[in-house]
Amino acid sequence: MGEKKLVIALAGNANVGKSVLFNYLTGLHQHIGNWPGKTVEKAEGTLHFKGYTIDIVDLPGIYSLTTYSIEESISRRYIAVEKPDVVINVVDASILERNLFFTLQLMELETPMVIALNQIDVAKKKGIEINIDKLSEILGIPVTPTIAVKGVGIFRLLEKAIEIAEKKVKPKKVEYGEDFENAIKRFVESLSNIDLPYPPRYVAIKLLEGDREIEQEVVQKNPNIIPLINSIRGELEGKYGHSCPTLMTSERYRVAGCIVKDVQKIIPPSKPTLAEKVHEITTHKVFGYLLMSAVLSSMFLFVFVLGNFLAELLNSILYGLKPFLTSILGAGFLGELLWGGIIEGLIAGATVALPYVIPLYLAIYILEDSGYMSRVAFLMDNAMHKMGLHGKAFIPLILGYGCNVPACLACRIMETQRERLIAAFVATLIPCAARTVIILGLVGRFLGVQWAFALYVFNLILVFLLGRFAFKVLPGEPTGLIMEIPDYRLPHLKTVLKQTWFRLIEFLQIAFPLIIAATFTVKLVEELGFLEVVNKLLSPVTVMWLGLPKGIGISLIFGVLRKELALIMLASLLGTGDFSQLLTPVQMVIFTIVTMFYIPCVATIATLVKEFGWRKAFIITISEILFAIAIGGVLLRILRIVATLF
Amino acid sequence: MSLKESENTGVPLTALKEGESGIVVSVKSGYGKAWGLKKRLMDMGITPGTKIKVVKSAPFRGPLEVIVRGYRLAIGRGMAEKIFVKVECDG
Ligand SMILES: Nc1nc2c(ncn2[C@@H]2O[C@H](COP(=O)(O)OP(=O)(O)OP(=O)(O)O)[C@@H](O)[C@H]2O)c(=O)[nH]1
Ligand SMILES: [Mg+2]
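Computed from a predicted structure; not experimentally measured.

Visitor: Mind laying out the overall build of chain B, listing which residues take part and the relevant values?
Guide: The secondary structure content of chain B amounts to three helices and six strands. The helix and strand sequence of chain B, counted from the amino end, reads α-β-β-α-β-β-β-α-β. Taken over 91 residues, chain B has a buried fraction of 52%. For chain B, long-range pairs separated by at least 24 residues make up 59% of all intrachain contacts whose partners lie at least 6 apart in sequence. Accessible surface computed for chain B: about 4,200 Å², of which carbon and sulfur atoms make up 57%.

Visitor: Could you give me a rundown of the layout of surface pockets, with the residues and numbers involved?
Guide: Residues and elements named next belong to chain A. The computed volume of the second largest pocket comes to approximately 830 Å³. Around the second largest pocket, the lining is made up of 36 residues, and of these Val 405, Pro 406, Leu 409, Arg 503 and Glu 506 lie nearest the centre. Those elements that place two or more of their residues in the lining of the second largest pocket are helix H15 (354-370), helix H18 (404-410), helix H20 (433-447), helix H22 (493-528), helix H25 (563-574) and helix H27 (602-612). It is H22 that provides the largest number of residues to the lining of the second largest pocket, a total of six residues. Composition of the lining of the second largest pocket by domain shows at least three residues from each of domain 1 (4-167) and domain 3 (271-646).

Visitor: Provide a residue-level description of the site of ligand 1, including the pertinent values.
Guide: Residue and element names in this part refer to chain A. Near ligand 1 you find 25 residues, and of these Lys 18, Ser 19, Thr 39, Asp 121 and Asp 369 are the closest. Within the contact set of ligand 1, an oxygen atom lies 3.0 Å away from a backbone nitrogen or oxygen of Gly 17. If ligand 1 stood free it would expose 660 Å²; the protein chains cover 97% of that surface. Within the residue set of the shell around ligand 1, elements represented by two or more residues are helix H1 (18-26) and helix H4 (120-125). The element best represented in the shell around ligand 1 is H1, accounting for three residues. The residue inventory of the shell around ligand 1, partitioned by class, reads ten nonpolar, ten polar and five charged.

Visitor: Requested: an account of the interface of chain B and chain A, with residues and values cited.
Guide: Each side of the interface is counted separately: chain B has 36 residues, and chain A has 40 residues. Carbon and sulfur atoms make up 59% of the surface buried where chain B meets chain A, a total of about 3,300 Å² over both sides. On the surface where chain B and chain A come into contact, there are four salt bridges. Taken together, chain B and chain A are joined by 16 residue pairs in polar contact (both at pLDDT 80 or more). Secondary structure elements with two or more residues in the side of chain B that touches chain A: strand S2 (21-27), helix H2 (33-43), strand S3 (51-57), strand S4 (64-68) and strand S5 (71-75) of chain B.

Visitor: Provide a residue-level description of the packing of helix H26 (residues 585-597) of chain A against helix H28 (residues 614-645) of chain A, including the pertinent values.
Guide: Residue and element names in this part refer to chain A. Packing of H26 against H28 brings their axes to within 8 Å, and their N-to-C directions diverge by 160°. Relative to H28, the element H26 lies roughly antiparallel. When the axes of H26 and H28 are compared, the crossing they make is right-handed. Here Val 586, Val 589, Ile 590, Ile 593, Val 594 and Phe 597 of H26 lie close against H28, whose contacting residues are Glu 624, Phe 627, Ala 628, Ile 631, Gly 632, Leu 635, Leu 636 and Leu 639. Among the residues making up the contact of H26 with H28, the classes are represented as twelve nonpolar, one polar and one charged.

Visitor: Summarise the sheet that holds strand S5 (residues 113-118) of chain A; cite the residues concerned and give the values.
Guide: Residue and element names in this part refer to chain A. Sheet architecture is open: six strands sit in the order S2-S3-S1-S4-S5-S7, paired in mixed fashion. For this open sheet the edge positions go to strand S2 (43-49) and strand S7 (143-145), each flanked by a neighbour on one side alone. Geometrically, the sheet is characterised by an average inter-axis angle of 25° between neighbouring strands, direction not taken into account. The sheet contact formed by strand S1 (residues 4-12) and strand S3 (residues 52-58) spans seven bridges and is parallel. From the neighbouring strand, Lys 5 faces S3, where its bridge partner is Thr 53. Of the strands in this sheet, S1, strand S4 (86-92) and S5 touch helix H3 (residues 96-108), which is tilted by about 165° from S4. Packed onto the sheet, helix H5 (residues 132-139) meets S5 and S7 and runs at close to 155° relative to S7.

Visitor: Which residues make up the sheet that holds strand S1 (residues 11-12) of chain B, and what values do they have?
Guide: In spatial order, the strands read S9(A)-S5(B)-S4(B)-S3(B)-S2(B)-S6(B)-S1(B); together these seven strands make up an open sheet with antiparallel pairing. Here the strands that pair on one side only, and so sit at the sheet edges, are strand S9 (482-484) of chain A together with S1 of chain B. Taken together, the three bridges between S9(A) and S5(B) define a ladder with antiparallel strand orientation. When the sheet's bridge partners are listed, A:Met483 is paired in S5(B) with B:Ala74. The strands touched by helix H16 (residues 372-385) of chain A are S9 of chain A together with S4 and S5 of chain B; relative to S9(A), the strand with the most contacts, the crossing angle is about 150°.

Parameters and conventions
Residues numbered from 1 in each chain as written. Chains lettered and ligands numbered in written order. Predicted model: local features only at pLDDT ≥ 70, side-chain atom pairs only at ≥ 80, totals over all residues. Heavy atoms only, no water. Helix = DSSP H or I, 4+ residues; strand = E, 2+ residues; numbered from the N terminus. Buried < 20%, exposed > 50% of the residue type's maximum accessible area, 1.4 Å probe, protein only. Contact = heavy atoms within 4.5 Å. Areas by Shrake-Rupley, 256 points an atom, 1.4 Å probe, with all protein chains shown as cover. 1 Å grid on protein atoms, 1.4 Å probe; cavity = no way out; pocket = protein on both sides within 12 Å on 5 of 7 lines; lining within 4 Å. Points joined across faces, edges and corners; volume = space filled by probe spheres on them. Domains from an automatic or database assignment. Near = heavy atom within 4 Å. Polar contact = N/O pair within 3.5 Å; in protein donor to acceptor, adjacent residues only side chain to side chain. Nonpolar A, V, L, I, M, F, W, Y, C, P; charged D, E, K, R; others polar. Buried area = accessible area lost by both parts, 1.4 Å probe. Salt bridge = Lys/Arg side-chain N within 4 Å of Asp/Glu carboxyl O. Axes fitted to C-alpha atoms, helices over the stretch in contact; angles between N-to-C directions. Parallel < 35°, antiparallel > 145°, perpendicular 65-115°, else oblique. Left-handed = near helix turned anticlockwise from the far one by under 90°. Pairing = 2+ DSSP bridges.

Structure, rendered in structure tokens:
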């Protein structure tokens, strides 16, 4: 009597709208933005539809079903080995030819599939018209036009997908040129006695194409096939003068091109669109860089102004309520503990962290959804080569300003493990939202925005130098940049707000329990009289070397959990958000710089462990602690000398 | 003789000026890692016989912006040097 079950996988090129569709279907919130390569790991969600329980799987975007990158391997393994009931191939209607190149490869796998012809609105704007019925007929696959961001066409798409899954309809066979078909036929014949979990024709094509994984599997079962492989490949290579992988790729593109010619008409708009003009100027040799500095600076100004406003507001409201709340709980040991642990923590968290986190997330999502990220990657390609990376690595860096965790994950857009590691190391040095809380909420608010800004610039310079240092430690030829530059679009307001909202909820869920637990612990330690001991133990570093007040030791320890905790703990120990009572301006700067570098937070360390293993995560963590302490002390001495000069 | 040779093998994409187009003749590759990148370039549509237009060439050995098969692609200078094209002279 149980519900019928189905598994539907979403597959397609990068940046076509798979995750938008996934979120729409499952109500979950996968990372969305207008740059290629956001989804790096498969994600699953459930949907109940017409009596079915449907498992929806979002896959990383890829351009081909080979196994040269992690994303390709993940997607291919899932589709070819785990075999979902039906694949929804999400296709960007405005880049039909390249998308069909991938569709042809899915068809080779003979999985039941339907096509979501997505971004049909974008295609229309570019003057692209597609004969949908004809496309569907040529491929033998249902094609449904969709606008995923508006939910248009998704109902029909699902109905089709279920129908195909139930009937187990295979797509049509893709006909390649005569020479290729002959070669495929010879392979298929020789494969008849080998048992493989894939369709024979697919295996044949992969053998022809020189796919190492499949070749190994086949040769393992039948070593006698090697001479045949060599002779067939040799014949084709001799005839056409290119290697077989090149020939097969070209052949697929030829077929895709023929289909496009049959079904697509383009009447390009006569004037360059606004998006094109914006693209022109934002990638300009001179203005591009000026604009980039302007965009990034105004982002921080926006966060600062809005953040300060919110901070003042929350401060007066919440600390105004404090006497009232205290009177409810009463005094005494337990009252103190409860008061200090829960309410003070909550208030400190809300007034210190929230005001800056919200505008920052908002700003980054707007940047991401506009398409600006790929332009910045283009502009920064040169500079990133100096760290042994290429332009794409700048994207995780910018994401790092929001949170280091997604930034470390986004490092997967880099091609090699070495590049991923350097990029992740550099990304952990970028002041995330939590550190922004400290930079703007402490230095910005009490010393002036110009000082906060100077700290950001100082940070960037050090990031660059440390990146170069990492490059020296891990030398190697940087791979080149190959990156699609998607068209600009107006950020989709609903998507941006939704993402900010979910990220905020996530932040609250992770941060607040920790904040409360931490303040609680500190109060307990304080009540029991251990606070002094801990602070004293740390004082050689905190007081003697860094010149900070003794009481700050404990908050630096809690900063390990979450960076903003360092400041929040201060606020809760002080019982006020007015830090100028405790810290001199120089101490504020030193404190901020130390927290900026001293360790990635627990969540980031966990991500580093997951991506690179214990050893590397440990090395990064330790070296950042040592570096932070060193730079803090050195800077203190420089500042002291400078101060005597004035 | 040498003219004919360059006609057959073409010139690297980096030799094209902004706004010029060419037809891809071949994509050269090395071994190992570079081979994967050649494959990536071809998967992105840069196969022999394809028309490719250089839109922008960033200064100081920066990347190239090209249009291929109707979309915009950024290619690092080092990669672009491995793509050989025949300059289109019908313009
Ligand atoms: N105008 C318009 N924009 C769309 C449509 N579908 C998706 N988008 C936008 O396209 C961009 C990419 O969408 P995603 O869902 O993140 O793409 P993806 O396929 O998951 O990309 P990767 O995870 O990077 O492979 C986002 O900026 C979306 O807002 C559509 O139908 N119309
Ligand atoms: Mg995605």
